[in-house]
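In case you want the letters, here they are:
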Amino acid sequence: MEGDDLLTTKDKIAPQVATLRSLNMVGTSTNELEAETVSSYDRQSELMAFDDSKAGVQGLVENGVRKIPRIFYCEHSNLSDGLTSAANSEISIPIIDLTGIHDDPILRADVVGKVRYACEQWGFFHVINHGIPTHVLDEMIKGTCRFHQQDAKVRREYYTRDVNRKVAYLSNYTLYEDPSADWRDTLAFSLAPDQPEAEEFPAVCRDIVIEYSRKIMVLAYALFELLSEALSLNRFYLKEMGCAEVLLLLCHCYPACPEPELTMGNTKHSDGNILTILLQDMMGGLQVLHDSQWIEVPPMQGALVVNIGDLLQHITNDKFISVQHRVLAKHQGPRISVASFFRTGISKVFGPIKELLSEDHPPVYREISLKDYMAHRYASGSGTSALLHFKL
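What counts, and where the lines are drawn
- Residues numbered from 1 in each chain as written.
- Predicted model: local features only at pLDDT ≥ 70, side-chain atom pairs only at ≥ 80, totals over all residues.
- Heavy atoms only, no water.
- UniProt positions renumbered as here; feature names shortened; annotations may be inferred.
- Axes fitted to C-alpha atoms, helices over the stretch in contact; angles between N-to-C directions.
- Helix = DSSP H or I, 4+ residues; strand = E, 2+ residues; numbered from the N terminus.
- Parallel < 35°, antiparallel > 145°, perpendicular 65-115°, else oblique.
- Left-handed = near helix turned anticlockwise from the far one by under 90°.
- Contact = heavy atoms within 4.5 Å.
- Buried < 20%, exposed > 50% of the residue type's maximum accessible area, 1.4 Å probe, protein only.

Identification of the protein chain as Fe2OG dioxygenase domain-containing protein from Psophocarpus tetragonolobus is taken from an unreviewed UniProt entry. UniProt's Sequence similarities (unreviewed entry) comment on the protein chain is quoted here verbatim: "Belongs to the iron/ascorbate-dependent oxidoreductase family." Here the protein chain is described in UniProt, under the heading Cofactor (unreviewed entry), as follows: "Fe cation".

This is the structure we're talking about:
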């Protein structure tokens with residue numbers, strides 16, 4: 001979520017007009033496009049031109065782009081990474097039913113065991129009967145879609161790379177650092193510990209974002225209690241550590257892609273937080289790496305996807321695992337998803353939980369802060385966990 005001084009350096013955007021032409025080569029022949037691409041491709045100028053348009057990937061689609069710009073090409077595509085996709089459709093992430101966890105100790109103990117298994121073996125699981133009404137989930141998807149599909153002039157008002165803004169619309173947080181851009185736009189809200197003022201929210205989704213965030217926070221507290229118990233800790237241990245201190249809501253839009261074989265909706269990665277709760281529409285495309293195979297995470301009406309972040313793997317001393325996942329670009333679209341990221345404050349120092357350590361299980365990692373972690377996350381390279389840097 002770092003800013004970039006390229007956005008404010010006007011004298012570096014001189015090639016913008018020519019580059020924007022290459023971003024929207026509607027009506028240009030393939031041979032002409034390939035000739036121009038080979039002879040005059042200037043990645044930095046193309047990045048700046050795309051970013052300065054403030055219209056995101058959706059803006060390209062609205063302008064009728066038929067060939068995706070070079071900045072989106074995956075030179076080492078995740079689709080040809082040497083890993084296989086599971087042919088057996090019965091292989092899937094665990095599904096955990098939260099019915100009765102607050103009322104029945106026997107049911108709760110059973111759920112705790114299922115959570116432990118999912119966190120140790122998969123790092124991902126579905127939750128159903130989680131307490132958030134289906135109509136709220138549906139409206140959150142619709143509200144996200146309304147924002148991303150409204151007039152580009154309105155979207156541009158929110159476009160920024162200022163990390164201090166509590167409401168930000170942008171395409172690719174690390175656009176200038178990554179080897180390739182993802183075919184995805186994001187509307188982000190920093191909702192805890194301090195919520196934005198009412199007027200800062202886009203009108204088309206203000207009410208549902210506020211309602212959804214309140215309900216997802218309640219669910220997060222319940223999940224952190226289950227996670228604590230799955231670690232044989234006091235029920236409120238993780239909550240009291242501040243694991244839900246910060247909530248970042250990322251409302252993603254993956255527009256229909258004319259050449260999905262050349263790019264990714266989201267490059268393979270593990271999450272740089274403690275816990276993620278994901279709401280996705282019925283479009284599909286999310287995959288999880290399990291036993292060296294890419295496993296589909298099919299949409300389930302009314303369900304939410306929960307996954308372990310790098311920082312939870314860190315504090316559990318590798319007991320719970322944070323795994324790589326990705327989102328495929330598709331001809332169909334848009335795909336809409338809403339990721340709730342939970343983490344500690346930026347300067348809080350933490351290490352492996354002492355109650356989980358013993359002579360047989362010494363600490364795997366040194367103590368770090370979120371600031372330390374983020375400083376090395378993107379330097380680790382795509383698909384490589386930044387946790388490796390902090391191993392003892």
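K.L.:
Could you give me a rundown of the packing of helix α6 (residues 134-148) against helix α8 (residues 206-230), with the residues and numbers involved?
P.N.:
Axis separation between α6 and α8 bottoms out at 10 Å; the angle between their running directions is 135°. Relative to α8, the element α6 lies oblique. Crossing hand, α6 versus α8: left-handed. Only I208, V209, E211, Y212 and K215 of α8 make contact with α6, whose side of the interface consists of V136, L137, E139, M140 and G143.

K.L.:
A description of unusual backbone geometry should follow, citing residues and the corresponding values.
P.N.:
Each neighbour pair has its own omega, and for A192 with P193 the value is 10°, a cis peptide bond. The linkage connecting G333 with the following residue, P334, adopts the cis geometry, with an omega of 5°. As for its placement among the helices and strands, P334 is situated in the loop between β12 (325-327) and β13 (335-343). Backbone geometry places N172, a non-glycine residue, at a positive phi of 65°. Along the polypeptide, N172 turns up in the loop between β4 (167-170) and β5 (185-192). Residue N172 is classed as buried on the basis of its relative accessible area of 3%. For D318, which is not glycine, the phi torsion reads 75° and is therefore positive. Relative to the helices and strands, D318 is located in the loop between α10 (310-315) and β12. Of the residues examined, D318 reaches a relative accessible area of 27% and is grouped as partly exposed.

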